[in-house]
Amino acid sequence: MTTDPPPEPTGVPAPTPRGARLAFRRWRRTRPFWAALWTGTGGFVIFFLPMAPLGKILQVGVGGIAGMSGGVVLMAMALLILLLPGQRHTAGVIAVIAGVASFPLSNLGGLFVGMALSVLGGSMAFAWLPEKPARRRGGRGLLRRTRSAAETPVPPVTPVSPVSVGSGSP
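Cut-offs and rules
Residues numbered from 1 in each chain as written. Predicted model: local features only at pLDDT ≥ 70, side-chain atom pairs only at ≥ 80, totals over all residues. Heavy atoms only, no water. Phe/Tyr/Trp six-rings, centres within 6.5 Å; stacked < 30°, edge-to-face > 60°. Buried < 20%, exposed > 50% of the residue type's maximum accessible area, 1.4 Å probe, protein only. Helix = DSSP H or I, 4+ residues; strand = E, 2+ residues; numbered from the N terminus. Contact = heavy atoms within 4.5 Å. Patch = residues over 30% accessible without salt bridge, like charges linked within 9 Å, V, L, I, M, F, W, Y side chains within 5 Å. Areas by Shrake-Rupley, 256 points an atom, 1.4 Å probe, with all protein chains shown as cover. Salt bridge = Lys/Arg side-chain N within 4 Å of Asp/Glu carboxyl O. Axes fitted to C-alpha atoms, helices over the stretch in contact; angles between N-to-C directions. Parallel < 35°, antiparallel > 145°, perpendicular 65-115°, else oblique. Left-handed = near helix turned anticlockwise from the far one by under 90°. Expected span 1.5 Å × (residues − 1). Arc of directions from axis to C-beta.

Lay out the packing of aromatic side chains with the relevant residues and their values.
Under the defined criterion, the tally for this structure stands at 6 aromatic pairs. Ring plane angle 90° and centroid distance 5.7 Å describe the contact between Phe 24 and Phe 33, whose orientation is recorded as edge-to-face. When its relative accessible area of 17% is taken as the criterion, Phe 33 is described as buried. Grouping aromatic residues by their ring pairs yields a cluster made of Phe 24, Trp 27, Phe 33 and Trp 34.

Provide a residue-level description of the environment of Gly 71, including the pertinent values.
Note that Gly 71 resides in helix α4 (residues 62-83). Of the residues examined, Gly 71 reaches a relative accessible area of 0% and is grouped as buried. Separated by 43 residues in the primary sequence, Gly 71 and Gly 114 have C-alpha atoms spaced 8.8 Å apart. In this structure, Gly 71 is in contact with Gly 43, Ile 46 and Phe 47, ignoring residues within four places of it in sequence.

Mind laying out a nonpolar patch on the surface, listing which residues take part and the relevant values?
A surface patch of nonpolar side chains, amounting to about 490 Å² of accessible area, comprises Phe 24, Trp 27, Leu 79, Leu 83 and Leu 84. Of all the secondary structure elements, the ones that give two or more residues to the nonpolar patch are α1 (17-28) and α4. Position of Leu 83 among the secondary structure elements: in helix α4.

Can you lay out the packing of helix α2 (residues 33-48) against helix α7 (residues 113-127) for me, pointing to particular residues and giving the numbers?
The N-to-C vectors of α2 and α7 enclose an angle of 155°; their axes lie 7 Å apart at closest approach. Overall, the two elements α2 and α7 adopt an arrangement that is roughly antiparallel. You can see that α2 and α7 cross each other, and the crossing is left-handed. Seen from α2, the contacting residues are Trp 34, Ala 35, Trp 38, Thr 39, Thr 41, Gly 42, Gly 43, Val 45 and Ile 46; seen from α7, they are Gly 114, Met 115, Leu 117, Ser 118, Leu 120, Gly 121, Gly 122, Met 124 and Ala 125.

Run through α7, naming residues and quoting values.
With 15 residues, α7 should cover 21 Å at 1.5 Å per step; its first-to-last C-alpha distance of 21 Å lies within 8% of that length. Among the residues of α7, Gly 114, Met 115, Leu 117, Ser 118, Gly 121, Gly 122 and Ala 125 are the ones counted as buried. All buried residues of α7 fall inside an arc of 165° around its axis, so they share one side.

Can you explain helix α5 (residues 88-105)? Please cite residues and give values.
The first and last C-alpha atoms of α5 sit 25 Å apart over 18 residues, in line with the 26 Å expected at 1.5 Å per residue. Every buried residue belonging to α5 is among Arg 88, Ala 91, Gly 92, Ala 95, Ala 98, Gly 99 and Ser 102, and all of these are buried. Projection of α5 onto a plane perpendicular to its axis shows the buried side chains occupying an angular sector of 130°, all on one side. Of the exposed residues in α5, those oriented more than 90 degrees away from the buried face are Ile 97 and Pro 104. Following α5 by one or two positions, Asn 107 adopts a phi angle in the positive range, close to 45°.

Okay, here's the thing in structure tokens:
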């Protein structure tokens, strides 16, 4: 039994699993999360599929090393997509190229699975757009300028020519 007084409440609530999940969701929606996930998974498949004991890799030679380096490049592009969303176009194009290049370099692109995931993730990264703020309805936009009555342009008056009645011309 302690005689210490209870701790004073600080104004910051204790972190809860729900609050952490909501914070992660907010962070995830500000970047191409799913594109990075698919690209990284494709790189993981391409990297680890040709893994074998060192003796086998040395016998395979450059082909095994090229396949493993392609997987490393794809996993690095996944991190770049996730951590620097402003570079998503460059990383997406490199991910698609590395995914397609893995087809001849690494066991048919990780038995087609790694190649498909990498191409999917790279194209999703290239196409991702940050969420735009919702447009206000009924209000005036910041860039829209309203004209006062004095600034409203007056259409030019064109002279009307009299039409002669009964001139006989059709």
